[in-house]
Amino acid sequence: MGRRALGRRFGWLWAAFAVSSYGTGLGFGAFSVLAIIVLHSGPTQVAVLAASGRAVGSLLAVPLGPWVEFRRKRPVMIAMDLTRFAALLSVPVAYALDWLTFAQLLVVSVVVAAANIAFNAASGAFLKSLLPPEDLLVANARFESTTWTSTMLGPPLGGAAIGLFGPVTTVIADATSYLLSALGIRAIGGTEPRPERSGAPRLRAGDLLDGWRYLLAHPTLRPLLLNAMMVNGLIMASEPLLAVLLLGRLGFAPWQYALALAASSGVGGFVGSRLARPLATRFGQRRVLLTSGVLRACWPIGLAFVRPGVPGMLLVTAVQLGMVTCIGVFNPLLATARLTDTAPDRIARTLTAWSVSTSAAIAALTAAWGLVAAATTPRTAIALAGVLLLASPLLLPRREPAERDTDPSPSSTLSA
């Protein structure tokens, strides 16, 4: 099967996505490094820094969904890129002037998190207007493969760059990637009509909940959202506990931990994203989405049985590889379903609501599982997360919804 051409404009969009993804990969964990090495912060402060960006940024992003919906999407994307560029660039400037503080890192992480959500909402709506429905899965699979490649290559390269050139090196690279992304989006060109707003011309309080109303009323998107909140939340909640178990109690070396998780995740995600379209073409999008959604939840329980030494490392690698391969298949199909099943005038609001919901679930479950681990052991908490994940497929849509005359959205992509 030959490579499918999606046009010059998509090429620029993909290039912008790729450069910002690799910048994010290079900058992964950079704020924690700065907090520990430069500001001499303790574990509690580092944990607050890691959690606050996602939690507070998501809260600030709630009104951005309706705001993005009724504006041209490319200018919004460029504005969010430039916002992230300016916020991140303030960190090396403050470091050079010896003005860097923990409060600044906290504010920058919140601004970047909120801008991420607004950018993703605008880019999803723009992608749907740019490509015909039959090309959306191809585009989302390419985005997914790029994400996993940057996840595999970025952190080790970023760690090497910090060791060679100093603690703010990767922050500068990350900031620069957003500037280059803004230039790439500007190069897309073409015209984009301003969305028409029906009803009141100004943002109302009720508009803030429109995305959730649409998601919760939709027979396909509702179960997919609940499933994503549960699966993403439990997987992410287990990650810090797995680090404590492997690096602390089981005595894994940091390079073993990084190899077992980062390398296998990158390979699995890349392979899965490449398989998504061929599998969907052969077996149907609905069947592949549901099958990969079930399979991705079956692997994490294996982490509860990890032991020291080479057997433990091989087990972690196998579990991570299997789980992320299934995730790599599932995610492009999920992204395509969200775009296709959402009415064109609701996309930014629903994508914002989706991002806020999943981020809130990750933050809440990470905090809860920290308490569970403190009350029991990290292994017990990981096992509990694995058991609950086995029940998560019950939240997937089990049958194709009947068409409703009152639903303005296109027919479901989940049909085989």
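Here the structure is a predicted model, which is why all the values come from computation and not from measurement.

Analysis parameters
Residues numbered from 1 in each chain as written. Predicted model: local features only at pLDDT ≥ 70, side-chain atom pairs only at ≥ 80, totals over all residues. Heavy atoms only, no water. Helix = DSSP H or I, 4+ residues; strand = E, 2+ residues; numbered from the N terminus. Rg over C-alpha atoms; globule rule 2.2 N^0.38 Å. Buried < 20%, exposed > 50% of the residue type's maximum accessible area, 1.4 Å probe, protein only. Contact = heavy atoms within 4.5 Å. Areas by Shrake-Rupley, 256 points an atom, 1.4 Å probe, with all protein chains shown as cover. Lys, Arg positive; Asp, Glu negative; His and termini not counted. Charge placed at Lys NZ, Arg CZ, Asp CG, Glu CD. Phe/Tyr/Trp six-rings, centres within 6.5 Å; stacked < 30°, edge-to-face > 60°. Lys NZ or Arg CZ within 6 Å of the ring centre and 35° of its normal. Salt bridge = Lys/Arg side-chain N within 4 Å of Asp/Glu carboxyl O. Polar contact = N/O pair within 3.5 Å; in protein donor to acceptor, adjacent residues only side chain to side chain. Axes fitted to C-alpha atoms, helices over the stretch in contact; angles between N-to-C directions. Parallel < 35°, antiparallel > 145°, perpendicular 65-115°, else oblique. Nonpolar A, V, L, I, M, F, W, Y, C, P; charged D, E, K, R; others polar.

Q: Which residues make up the overall build of the chain, and what values do they have?
A: A tally of regular secondary structure across the chain gives 15 helices and zero strands. Relative to the 2.2 N^0.38 estimate, which gives 22 Å for 416 residues, the radius of gyration of the chain is 21 Å and therefore close to what a compact globule would have. Dimensions of the chain, computed from C-alpha atoms along their principal axes, come out at roughly 60 × 50 × 45 Å. Taking all 416 residues of the chain together, the buried fraction comes to 51%. In the chain, of all internal contacts separated by at least 6 residues, the share reaching a separation of at least 24 is 87%. When the accessible surface of the chain is split by element, carbon and sulfur atoms take 68% of a total near 18,900 Å². Placing the 34 positive and 18 negative side-chain charges of the chain at their respective mean positions leaves the two points 4 Å apart.

Q: Describe the packing of aromatic side chains, and please don't skip the residues or the numbers.
A: What the rule picks out here adds up to three aromatic pairs. Between the aromatic rings of F10 and F143, the centroid separation amounts to 5.6 Å while the plane-to-plane angle is 45°, which identifies the pairing as tilted. Remark: F143 occurs in helix α7 (residues 136–165) and F10 occurs in helix α1 (residues 8–26); sequence separation between them is 133 residues. Each member of the pair F10 and F143 is classed as buried. Ring-pair connections join several aromatic residues into one group, and the members of that group are F10, W14, F17 and F143. When the ring centre of F330 is taken as origin, the NZ or CZ atom of R296, which lies over that ring, is 3.9 Å away. For the cation-ring pair, R338 lies above W354, with the distance from its terminal atom to the ring centre recorded as 4.8 Å.

Q: Provide a residue-level description of unusual backbone geometry, including the pertinent values.
A: Not every positive phi belongs to a glycine, and D98 is a case in point at roughly 60°. Within the secondary structure, D98 is located in the loop between α5 (73–96) and α6 (102–130). The class for D98 is exposed, based on a relative accessible area of 70%.

Q: So what about the side chain of E144? Which residues, and what values?
A: Along the polypeptide, E144 turns up in helix α7. The buried charged residue E144 lacks any salt bridge, with R338 as its nearest oppositely charged partner at 8.5 Å. Polar contacts involving the side chain of E144 include one to the side chain of N331, which spans 3.0 Å. The contact partners of E144, leaving out residues within four places of it in the chain, are S273, I327, G328, N331 and P332.

Q: Explain the packing of helix α2 (residues 30–38) against α6 residue by residue, including any values.
A: At a minimum axis distance of 11 Å, the contact between α2 and α6 shows a crossing angle of 175°. As judged from the angle between their axes, α2 and α6 are roughly antiparallel. In this structure, α2 contributes F31, L34 and A35 to the contact, and α6 contributes L105, V108 and S109. Class assignment for the residues of the contact of α2 with α6 results in five nonpolar, one polar and no charged.

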